[in-house]
Amino acid sequence: MLGLPAHVSACLFDLDGVLTQTARVHNAAWKQTFDEFLQQRATLSGEPFQPFDPGPDYNRYVDGRPRADGVRAFLASRGIVLPEGSPDDPPDADTVNGVGNRKNVLLLDQLRTSGVEVYPGSVRYLEAARAAGLRRAVVTASANGREVIAAAGFEPLLEARVDGLVTRAQGLRGKPHPDTFLAGARLLGVDPTRAAVFEDALSGVAAGRAGGFGYVVGVDRVGQADELRAHGADIVVTDLADLLDVADPPAPTRTTAALPTGERGSA
């Protein structure tokens, strides 16, 4: 059914990069934030400025992770450790939370300016999943999940949402840990073995595999199909609409992928 094994009765969708085209907006906001931070440090220290790479750096360290986790992981890759601060830190604070909040200010400005674009194939798939009676939820690291879903216009196609605000309120660990996807399955009242995870981030695919979910769909928007498979995807597609043409999906992989560390792999 819809390119999924017969035992699957629920779908857990990541938001940015799977349903909406906001992943590139996140990437641009992260690059501006980190480049300004790194440039300032280079100027003060006299060391060469090495900019944030929107390819490998984004995919390895921040994509799909809660905001503070992304800041911490990327800066650790450069040998930088900042005080944690608190979630209410101002955007100009040189703390993990301050840098993350700086990124969020830029993101919201870009979303207000550019709006939210959706993937037409993803909307088609959501509509087909609803028509087929499959349960549907969004699981995203973004603290702006409610606003993005409303702006995208597909809120009626979803039944539940686990976002960055829910993650913080419930003390859930972010991707690559499976906590948020497990919370989404609980909201839908389904066992993880009967739910499919749809993810474009390496950390998200690893979370789906670590949680023992019945099927993990990797969505390759940036040419990382091999990496998605290595992190635990059962199948990799370039668009969710591709699944509508899959008559005989490959059997799910039952081994559990190791969780990526901060050195290997947005909110």
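Relevant structure appears above.
Anyway, here's the lowdown on the structure attached to this text. (Residues numbered from 1 in each chain as written. Predicted model: local features only at pLDDT ≥ 70, side-chain atom pairs only at ≥ 80, totals over all residues. Heavy atoms only, no water.)

1. Quick notes on the packing of helix H1 (residues 23-45) against helix H3 (residues 67-77)
Phase 1 of the analysis: Axis separation between H1 and H3 bottoms out at 12 Å; the angle between their running directions is 45°. Classified by the angle their axes make, H1 and H3 are oblique. Note on packing geometry: the crossing formed by H1 with H3 is right-handed. Between H1, through Trp30, Phe34, Phe37 and Leu38, and H3, the contact on the second element is made entirely by Arg67, Gly70, Val71, Phe74 and Leu75.
Phase 2 of the analysis: Here the contact of H1 with H3 is built from residues that sort into 7 nonpolar, 1 polar and 1 charged. (Axes fitted to C-alpha atoms, helices over the stretch in contact; angles between N-to-C directions. Helix = DSSP H or I, 4+ residues; strand = E, 2+ residues; numbered from the N terminus. Parallel < 35°, antiparallel > 145°, perpendicular 65-115°, else oblique. Left-handed = near helix turned anticlockwise from the far one by under 90°. Contact = heavy atoms within 4.5 Å. Nonpolar A, V, L, I, M, F, W, Y, C, P; charged D, E, K, R; others polar.)

2. Brief notes about helix H8 (residues 179-188)
Phase 1 of the analysis: Burial runs high along H8: 7 of the 10 residues are buried.
Phase 2 of the analysis: By the burial criterion, the buried members of H8 are Asp179, Thr180, Phe181, Ala183, Gly184, Ala185 and Leu188.
Phase 3 of the analysis: Summarising the contacts, the buried residues of H8 are in contact with strand E1 (10-13), strand E2 (135-139), strand E3 (160-162), helix H7 (164-170), strand E4 (195-199) and helix H9 (202-210). (Buried < 20%, exposed > 50% of the residue type's maximum accessible area, 1.4 Å probe, protein only.)

3. Observations concerning the environment of Val139
Phase 1 of the analysis: Inspection of the secondary structure puts Val139 in strand E2.
Phase 2 of the analysis: Distance in space between the C-alpha atoms of Val139 and Thr180 is 6.5 Å, their sequence separation being 41 residues.
Phase 3 of the analysis: When near neighbours in sequence (up to four residues on either side) are disregarded, Val139 contacts Leu12, Phe13, Asp14, Leu15, Val162, Lys175, Thr180, Phe181 and Gly184.

4. A word on the nonpolar core
In summary, soluble globular proteins display a tendency toward joint burial of nonpolar side chains.
Phase 1 of the analysis: Counting 33 residues, the largest nonpolar core has Leu4, Phe13, Leu19, Phe154, Phe198, Val217 and Leu240 as its most contacted members.
Phase 2 of the analysis: Those elements giving two or more residues to this core turn out to be E1, H1, helix H4 (96-114), helix H5 (120-131), helix H6 (145-152), E4, strand E5 (215-219) and strand E6 (235-237).
Phase 3 of the analysis: The contact partners of Leu19, leaving out residues within four places of it in the chain, are Phe13, Asp14, Val118, Tyr119, Ser122, Leu126, Val138, Phe154 and Leu240. (Core = buried A, V, L, I, M, F, W, Y, C linked by side-chain atoms within 4.5 Å.)

5. A closer look at unusual backbone geometry
Phase 1 of the analysis: Omega for the peptide link from Lys175 to Pro176 comes to 20°, which places this bond in the cis form.
Phase 2 of the analysis: Position of Pro176 among the secondary structure elements: in the loop between H7 and H8.

6. A few points about the sheet that holds E4
What links the strands of a sheet is backbone hydrogen bonding, and the strands pair in either a parallel or an antiparallel sense.
Phase 1 of the analysis: The strand order across the open sheet built from 6 strands is E3-E2-E1-E4-E5-E6, with neighbouring strands paired in parallel fashion. The strands lining the two open edges of the sheet, one partner per strand, are E3 and E6. Here the average twist between neighbouring strands, direction ignored, is 20°.
Phase 2 of the analysis: By the bridge criterion, 3 bridges tie E2 to E3 in an arrangement that is parallel. Along E3, the bridge assignment pairs Val138 with Arg161.
Phase 3 of the analysis: Across the sheet, H8 is in contact with E1, E2, E3 and E4; its angle to E3 comes to roughly 160°. (Pairing = 2+ DSSP bridges.)

7. Description of the pairing of E4
Phase 1 of the analysis: Counting buried positions over the 5 residues of E4 gives 5, a clear majority of the element.
Phase 2 of the analysis: Alternating positions in E4 separate into two faces, Ala195, Val197 and Glu199 on one and Ala196 and Phe198 on the other, with burial throughout.
Phase 3 of the analysis: Note: E1 against E4, 4 bridges, orientation parallel. Each residue of the ladder has a partner; that of Cys11, found in E4, is Ala196.
Phase 4 of the analysis: Of the strand pairs in this sheet, E4 and E5 are connected by 4 bridges, and their pairing is parallel. Note on E5: the bridge partner recorded for Val197 is Val216.
Phase 5 of the analysis: Crossover connection from E4 via H9 to parallel E5: handedness right-handed. (Right-handed = clockwise from strand over helix to strand, strands pointing away.)

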